[in-house]
Amino acid sequence: MDQRKIDGFSVNPIGLGCMGLSAFYGEPTDQADAIKLLHAAIEAGVNHFDTAEMYGMGANEKLLGAAFADRRDKVRIATKFGPKFLFDADGKMTGTTVDGTPANMRRAVENSLSYLKTDVIDLYYLHRVDPKVAIEETVGAMGELVAEGKVRAIGLSEASADTIRRAHATHPISAVQSEYSIFSRDIESEVLPVLKAINATLVAYSPLGRGLLTGAMTRENKPSGEGEYRQGAMQPRFADGAYEANLALVDEVKAIAETHGATPGQIALAWVLGRASNIVAIPGTTKLANLKSNLGAAHISLSQDQLTKLEGLADKVQGARYNETGMSAVNR
């Protein structure tokens, strides 16, 4: 399979976002099953795995550490720091904050190195920009990790074009992680041109619209259950009314998929990868069949007519990609 570059190292254009194995999508996957999936992913050609401190507050990093300790040379590991959970005196979670201080970065990176059972992190992101700390201060400190050999390359997640420019002037930014899909295209006008100008890679997360674009969801089969964050107010696109309207848009993706003998998810991934050669995607899954299906997207080429039909869908999507609190933390 063709490879793409992040800071000089090669990755499969379709990696694996590992968050759902440990957090936010219901009950965590059994560790033995999760490790089996991660090993199968390597065998299938995946070599780019994305995690973060916040995904189970170290649980996901520990999972990857256990899975990759004896095959570290086969994988590129990306992790992130910044967001932290807040708790009251009784230990109940009350919300989140972002800490981009050098001191918090030092704490986080040492934990990540230990949890991941590695001497070096391939790609280290600021998960969200801290408005209380100058980006030059945070990125300057991250650059020190590169000089010390603890990190190979650094990146930002959900940063504005101006922040990316300022960060890159402080230390080379190799990658920016942002939500990008047929349903979420707000980074196209400003962020993507900046990435091209600084020779950085876009790492597209939620390229399947948090599962909407897979075609597997129906009006009766809506995400629900303990720990499932696509319910309630957190994800407006899954709210009553918006969910049903967005499923109708997926029918248009399904129609194109049928002409290719493909799944809607494969069409969605092919669309993302076809936007530019400096884009890679990290769809998440807990199932091997889905992972293998995702990889098949790399072989699909969409016609201009099909691209035109798909590109009109984003303007019709109902609901923001995060609630008001979530949106306040992106594009800083």
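Treat the numbers as computed from the prediction; the structure is a model and nothing was measured. (Residues numbered from 1 in each chain as written. Predicted model: local features only at pLDDT ≥ 70, side-chain atom pairs only at ≥ 80, totals over all residues. Heavy atoms only, no water.)

Caption draft 1: The side chain of Thr-118, seen in detail. Counting through the fold element by element, Thr-118 comes out in the loop between α3 (102-116) and β8 (121-126). Exposure remark for Thr-118: the relative accessible area of 12% places this residue in the buried category. There is a polar contact of 2.9 Å between the side chain of Thr-118 and the side chain of Arg-72. Each residue touching Thr-118, except ones within four places of it in the same chain, is listed here: Arg-72 and Leu-113. (Helix = DSSP H or I, 4+ residues; strand = E, 2+ residues; numbered from the N terminus. Buried < 20%, exposed > 50% of the residue type's maximum accessible area, 1.4 Å probe, protein only. Polar contact = N/O pair within 3.5 Å; in protein donor to acceptor, adjacent residues only side chain to side chain. Contact = heavy atoms within 4.5 Å.)

Caption draft 2: Representation of the pairing of β8 in the model. Summarising burial for β8: 6 of the 6 residues are buried, a large majority. As defined by bridge partners, strand β5 (residues 76-81) adjoins β8 across 4 bridges and the pair is classed as parallel. When the sheet's bridge partners are listed, Thr-79 is paired in β8 with Tyr-124. The sheet contact formed by β8 and strand β9 (residues 151-157) spans 5 bridges and is parallel. Looking at β9, one finds that Leu-126 is bridged to Leu-156. (Pairing = 2+ DSSP bridges.)

Caption draft 3: Local environment of the pattern of salt bridges. Counting across every chain of the model gives 22 salt bridges. Arg-106 is the partner of Glu-144 in a salt bridge, and the nearest nitrogen-oxygen pair spans 3.3 Å. Placement of Glu-144 in helix α4 (residues 135-148) and of Arg-106 in helix α3 is noted, with a sequence separation of 38 residues between them. Ionic contacts of the salt-bridge type, sharing partners, join the residues Glu-158, Glu-179, Asp-186, Arg-210 and Arg-321 into one network. (Salt bridge = Lys/Arg side-chain N within 4 Å of Asp/Glu carboxyl O.)

Caption draft 4: Examining the packing of α3 against α4 more closely. Packing of α3 against α4 brings their axes to within 9 Å, and their N-to-C directions diverge by 40°. For the pair α3 and α4, the crossing hand works out as right-handed. Contact residues: α3 offers Pro-102, Met-105, Arg-106 and Val-109, while α4 offers Glu-137, Ala-141, Met-142, Glu-144, Leu-145 and Glu-148. (Axes fitted to C-alpha atoms, helices over the stretch in contact; angles between N-to-C directions. Left-handed = near helix turned anticlockwise from the far one by under 90°.)

Caption draft 5: Up close: the nonpolar core. The biggest cluster of nonpolar side chains holds 85 residues, and the ones touching the most others in it are Leu-38, Phe-49 and Tyr-124. If we ignore the near neighbours within four places in the chain, the residues touching Leu-38 are Leu-16, Cys-18, Leu-21, Phe-49, Leu-63, Leu-64, Ala-67 and Phe-68. Core analysis: the second largest hydrophobic core is formed by 14 residues, Ile-6, Val-11, Tyr-205 and Val-330 among them. (Core = buried A, V, L, I, M, F, W, Y, C linked by side-chain atoms within 4.5 Å.)

Caption draft 6: Spotlight on helix α10 (residues 304-311). Taken residue by residue, α10 has Gln-306, Leu-307 and Leu-310 as its buried positions. When α10 is viewed along its axis, its buried side chains cluster within an angular range of 100° and face the same direction. Against α7 (242-260) and α8 (264-273) lie the buried residues of α10. (Arc of directions from axis to C-beta.)

Caption draft 7: Structural view of the packing of aromatic side chains. As enumerated under the stated definition, the model contains 4 aromatic pairs in all. Ring geometry for Phe-49 and Phe-68: centres 4.7 Å apart, planes at 55°, overall tilted. In this pair, Phe-49 is assigned in strand β4 (residues 48-50) and Phe-68 in helix α2 (residues 59-68), connecting sequence segments 19 residues apart. Judged by its relative accessible area of 1%, Phe-68 falls in the buried class. (Phe/Tyr/Trp six-rings, centres within 6.5 Å; stacked < 30°, edge-to-face > 60°.)

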